[in-house]
Amino acid sequence: MPQFLAVTAAFRKDGLPANSASRHGRSGFWRQRLYRPAVALVAGLCLWAGSFVPAPAHAEGASHAVTLFGQPKYPAGFGHFDYVNPDAPKGGELRLAQVGGFDSLNPFSGTPPYARGTGPRPIDLLGLTFDSLLVRSADEPASAYGLLAESVEIAPDGRWAVFNLRGNARFHNGAAVTADDVLFSINVLKASGPPAVQAALDGVERAEKLADRKVRLVMAAGAGRAAVLAAGGVPVLSRADWQGHDMSAPSLRAPEGSGPYAVATADAGKELLLTRVEDYWAKDLPATKGLNNFNRIRTLFYADPQAAFTAFTAGAYDIRYEFESKKWATAYRFPAVARGQVILQSLPVRRMEPMRGFAFNLRRPLWQDRRVREALSLAFDFEKLNRTLLFGQYVRTTSYFSNSDWAADGAGSDPAADTGTAGHADLKAAARLLDDAGLALRHGRRTDPRTGQPVAIEILVDNPAWQPICRPFLAALKRLGIRATLKTVSVDDHLSRLRTFDFDMATAHWPPVSWPGTDLSLFWGSAAADMKGSLNWPGIKDPAIDEAIGAVAAAPDQQSLVDRARALDRLLMGGIYVIPQWHMATDHLAFWNRFFMPVVTPDSGPQLMAWWINPDRPDARPAPTGHGGTGRRHR
């Protein structure tokens, strides 16, 4: 089941108002399901696959957990995760928002609904209706505990894993979750699921039914324990419900689920309402206690970011992460803030930050020459942009794994990863590179020797706020003799054009990974370059990168993983497949003050699904922390 957010230390049973001070412990990474459909990957999928040496403690007998290295944090028979309040009251309605619409309640096709704008990663709303064999803990980088599966047995060589299903696991209609449902799910999703789900199942050679509630997954040679983790996070579907339905067809039919929420109503593109399942079969399991505390989750859909912001100021929905520095600095001065009804918090970012940048589409002949890509990277002046337009709130992204041990030391030696200051000398160097690439300057315009036509490019963005941000970059390109225009489209259109590779350059944001493995081939592997729906938006085809991804997946221990991930990072940065942008050193969160939250908030940020509304004080307005305050104590 999706319990997306996490904390790293237990909190008092009475909890705290959501604006109260809290200790900020070290955790690692955001709570996230092992499964997330392909659309959700744009805001935050992490799948595990690869070859890891099996931990001896898990090589014999049945275990309540699977972990890649060492021992799981929580022993057999644990009561609940440390980051939840097992006595948090249930009730009330959580109201969320998303820019863009949806056309399907089939999570494997079309555009399913996600709650964007509520955190660095979107909430997979339909994922809340499904359960999986395993569920990850939030305060460990690579461990998962039994959900539908009561226990797991893994062969010493990692070639098979047996999942023993819980006898009380039920779908919402009361039907038992059986081995037949697991086999159906594995087989149909491996054959016809979206690329992200197929990647999660890539390490599964076949699935076998051993008994009504016992399934064995035979793993591909070299797949190892990470593949068991990945497969264990794929949603288990009801075979009876899905038979006769096209897995790839958009549909507003709500599939039968087994998770903590069910779809109540759906108005395509406008609103989605989920209701908490009162007799949810897993509500008392250690992995679910203290989460999913809202009776209803209502998500409203808005056509553009400004409409969504205006609706928040009027109280239409409850929680908003602010990603625009100017808006955070100037727009959060409306009356509800002054009255203490809306709380503003600024939280230091300590989670891994994935690559964000202007992606080149190497399927276009112009970008196949690295010198051309390097020239444009030299024209991008991040330091001046940050100083003049971004209120100094950002730091330059210099790695595909920023803020983590996997970031390559010395990645900044590459022109695409330097300070980003496009001064006079940088533009002169860029001009020389363009000359060397054969893009001659004639009458103030660069000419493409392949076509004889002046070079003209379109940069695809999904928000009007990019217009002033990109203006200096466009001006620098004009000085180099390149005519560049900005094309602003809706969030949905932007995603669609990324997925179909229909762009010259485009803003792109890769999802973070909790543990790098062969899933990275979906991001940057050669096989994914022509696979529509993959995340290899630049169209990278480099055998050295393919080999590096395989080496990362085959790392025998944690230090080897770090060393190999850093080598991969150097190759990616050196290729200049994107012009790196930036990430925030601080998260900005605004919310209407009727929530209570855990005492402890982890480095990864507030854990929304562990919040609750006090049923005796649904409109309580505790004193605010003040504009820009963190509202938390640090250890």
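The shown structure was predicted, so the numbers you read here are calculated from the model rather than taken from an experiment.

**Q** Help me understand the overall build of the protein chain, please; the structure alone is not making it clear to me.
**A** Broken down by element type, the protein chain carries 16 helices and 30 strands. Split into buried and exposed, the 635 residues of the protein chain put 62% on the buried side. A separation of at least 24 residues holds for 75% of the contacts in the protein chain among residues at least 6 apart in sequence. When the accessible area of the protein chain is evaluated, it comes to approximately 22000 Å², of which 51% is carbon and sulfur surface.

**Q** Can you help me understand the sheet that holds strand β15 (residues 296-302) in this one?
**A** Within the open sheet, the four strands sit side by side as β4-β15-β14-β13. Their pairing is mixed. If you trace the sheet from one side to the other, it starts and ends with β4 (93-99) and β13 (261-267), each paired once. Between one strand axis and the next, the sheet turns by 20 degrees as a mean value, whatever way the strands run. Strand direction decides the pairing type here: strand β14 (residues 271-276) and β15, joined by five bridges, are antiparallel. Residue L273 lies in a different strand from β15, and its bridge partner there is R298.

**Q** Is there a simple way to explain the pairing of strand β10 (residues 160-165) in this structure?
**A** Along a regular strand, successive side chains alternate from one face of the sheet to the other. Counting buried residues along β10, five of its six residues qualify, which places the element largely inside the surrounding structure. Across five bridges, strand β9 (residues 149-154) lies against β10 in antiparallel orientation. Across the sheet, residue S151 finds its bridge partner in β10, namely N164. The loop that links β9 with its antiparallel partner β10 comprises five residues; one of these, G158, has a positive phi angle of about 75 degrees. Pairing of β10 with strand β12 (residues 214-219), which is carried by five bridges, proceeds in the antiparallel orientation. Within the sheet, the bridge partner assigned to F163 lies in β12 and is V215.

**Q** Please explain the environment of N292 as it appears in this structure.
**A** Its location among the elements puts N292 in the loop between β14 and β15. Of the residues examined, N292 reaches a relative accessible area of 3% and is grouped as buried.

**Q** Can you walk me through the environment of R371 in this structure?
**A** By the secondary structure assignment, R371 is in helix α9 (residues 370-378). R371 gets classed as partly exposed once you look at its relative accessible area, which sits at 34%. For the pair R371 and R432, spaced 61 residues apart in sequence, the C-alpha to C-alpha distance is 9.4 Å. If we ignore the near neighbours within four places in the chain, the residues touching R371 are L433, D436 and A437. Of note is the side chain of R371, whose polar atom sits 2.8 Å from the side chain of D369.

**Q** What is the right way to read the packing of helix α15 (residues 543-553) against helix α16 (residues 558-575) from this model?
**A** Between two packed helices, both the angle of their axes relative to each other and the distance between the axes serve to describe the pair. Running from N to C, α15 and α16 cross one another at 160 degrees; their axes reach a closest spacing of 9 Å. Considering the angle they form, α15 stands roughly antiparallel to α16. Our pair here, α15 against α16, has a crossing hand that is left-handed. Touching A544, I545, A548, I549, A551 and V552 of α15 are L561, R564, A565, L568, L571 and L572, all from α16. For the contact of α15 with α16, the per-class residue count stands at eleven nonpolar, no polar and one charged.

**Q** Quick question: what am I supposed to make of the packing of aromatic side chains here?
**A** Per the counting criterion, the structure on display carries 37 aromatic pairs. Measuring from centroid to centroid gives 5.4 Å for F312 and Y317, while their planes differ by 50 degrees, and the two rings are tilted. Y317 carries the same exposure label as F312, and that label is buried. An angle of 55 degrees between the planes, with centres 4.8 Å apart, marks the rings of F360 and W367 as tilted. We classify F360 as buried; its relative accessible area is 0%. A network of ring pairs unites the aromatic residues Y302, F309, F312, Y317, W328, Y332, F334 and W592 as a single cluster. Stacked on the ring of F501, the Lys or Arg R363 has its end atom at 3.5 Å from the ring centre.

**Q** Teacher, can you tell me more about the sheet that holds strand β7 (residues 134-136) here?
**A** Think of a sheet as strands paired side by side through backbone hydrogen bonds, with each pair either parallel or antiparallel. A sheet is described by the order of its strands in space; here three strands give the open sequence β3-β8-β7, paired in antiparallel fashion. Looking along the sheet, the strands with just one partner apiece sit at the ends: β3 (65-67) and β7. Geometrically, the sheet is characterised by an average inter-axis angle of 30 degrees between neighbouring strands, direction not taken into account.

**Q** How do you make sense of helix α12 (residues 466-479) when you look at a structure like this?
**A** An α-helical turn contains 3.6 residues, so a residue and the one three or four places further along point in the same direction. The terminal C-alpha atoms of α12 lie 20 Å apart, and with 14 residues this matches the ideal 20 Å at 1.5 Å per residue to within 8%. At P472, α12 shows its maximal bend, which comes to roughly 30 degrees. Those residues of α12 that sit buried are W466, I469, C470, F473, L474, A476 and L477. Backbone geometry just after α12 places G481 at a positive phi near 95 degrees.

**Q** Where do I start with α9 in this structure?
**A** Across the nine residues of α9, seven count as buried, placing the element largely inside the fold. The complete set of buried residues in α9 reads V372, R373, E374, A375, L376, S377 and L378.

**Q** Looking at this structure, how should I read the pattern of salt bridges?
**A** Think of it this way: side chains of opposite charge can pair up when their charged atoms draw near. All chains considered together, the criterion is met by 30 salt bridges. R298 is paired through a salt bridge with E93; the nearest N and O atoms lie 2.9 Å apart. On the criterion of sequence distance, the pair formed by R298 in strand β15 and E93 in strand β4 is long-range, its members being 205 residues apart. When its relative accessible area of 14% is taken as the criterion, E93 is described as buried. Ionic pairing is found between R356 and E353, a salt bridge with its closest N-O pair at 2.7 Å. Judged on exposure class, the residue R356 and its partner E353 are both buried. It is possible to trace a salt-bridge network through shared partners that takes in R159, E205, R206, E208 and R216.

**Q** Would you take a moment to explain the nonpolar core for this structure?
**A** Burial of nonpolar side chains together is a common tendency in soluble globular proteins. Ranked by internal contacts, the top residues of the largest apolar core, which has 171 residues, are I297, L376, I457, M505, W510 and W524. Sequence-distant contacts of L376, defined by excluding residues within four places in its chain, comprise F360, W367, I457, F473, L477, I482, M505 and I579. Grouped together as the second largest cluster of nonpolar side chains are 19 residues, L300, A308, F309 and V342 included.

**Q** Just to check I follow, could you spell out the side chain of S399 for this structure?
**A** Assignment of secondary structure puts S399 in the loop between β20 (394-396) and β21 (401-402). A distance of 2.8 Å separates a polar side-chain atom of S399 from the backbone nitrogen of F401. Setting aside residues no more than four positions away along its own chain, S399 makes contact with M355, A407, A408, D569 and M573.

Reading the values: rules and limits
- Residues numbered from 1 in each chain as written.
- Predicted model: local features only at pLDDT ≥ 70, side-chain atom pairs only at ≥ 80, totals over all residues.
- Heavy atoms only, no water.
- Helix = DSSP H or I, 4+ residues; strand = E, 2+ residues; numbered from the N terminus.
- Buried < 20%, exposed > 50% of the residue type's maximum accessible area, 1.4 Å probe, protein only.
- Contact = heavy atoms within 4.5 Å.
- Areas by Shrake-Rupley, 256 points an atom, 1.4 Å probe, with all protein chains shown as cover.
- Pairing = 2+ DSSP bridges.
- Axes fitted to C-alpha atoms, helices over the stretch in contact; angles between N-to-C directions.
- Polar contact = N/O pair within 3.5 Å; in protein donor to acceptor, adjacent residues only side chain to side chain.
- Parallel < 35°, antiparallel > 145°, perpendicular 65-115°, else oblique.
- Left-handed = near helix turned anticlockwise from the far one by under 90°.
- Nonpolar A, V, L, I, M, F, W, Y, C, P; charged D, E, K, R; others polar.
- Phe/Tyr/Trp six-rings, centres within 6.5 Å; stacked < 30°, edge-to-face > 60°.
- Lys NZ or Arg CZ within 6 Å of the ring centre and 35° of its normal.
- Expected span 1.5 Å × (residues − 1).
- Bend = angle between axes of the 7 residues up to and from the residue.
- Salt bridge = Lys/Arg side-chain N within 4 Å of Asp/Glu carboxyl O.
- Core = buried A, V, L, I, M, F, W, Y, C linked by side-chain atoms within 4.5 Å.

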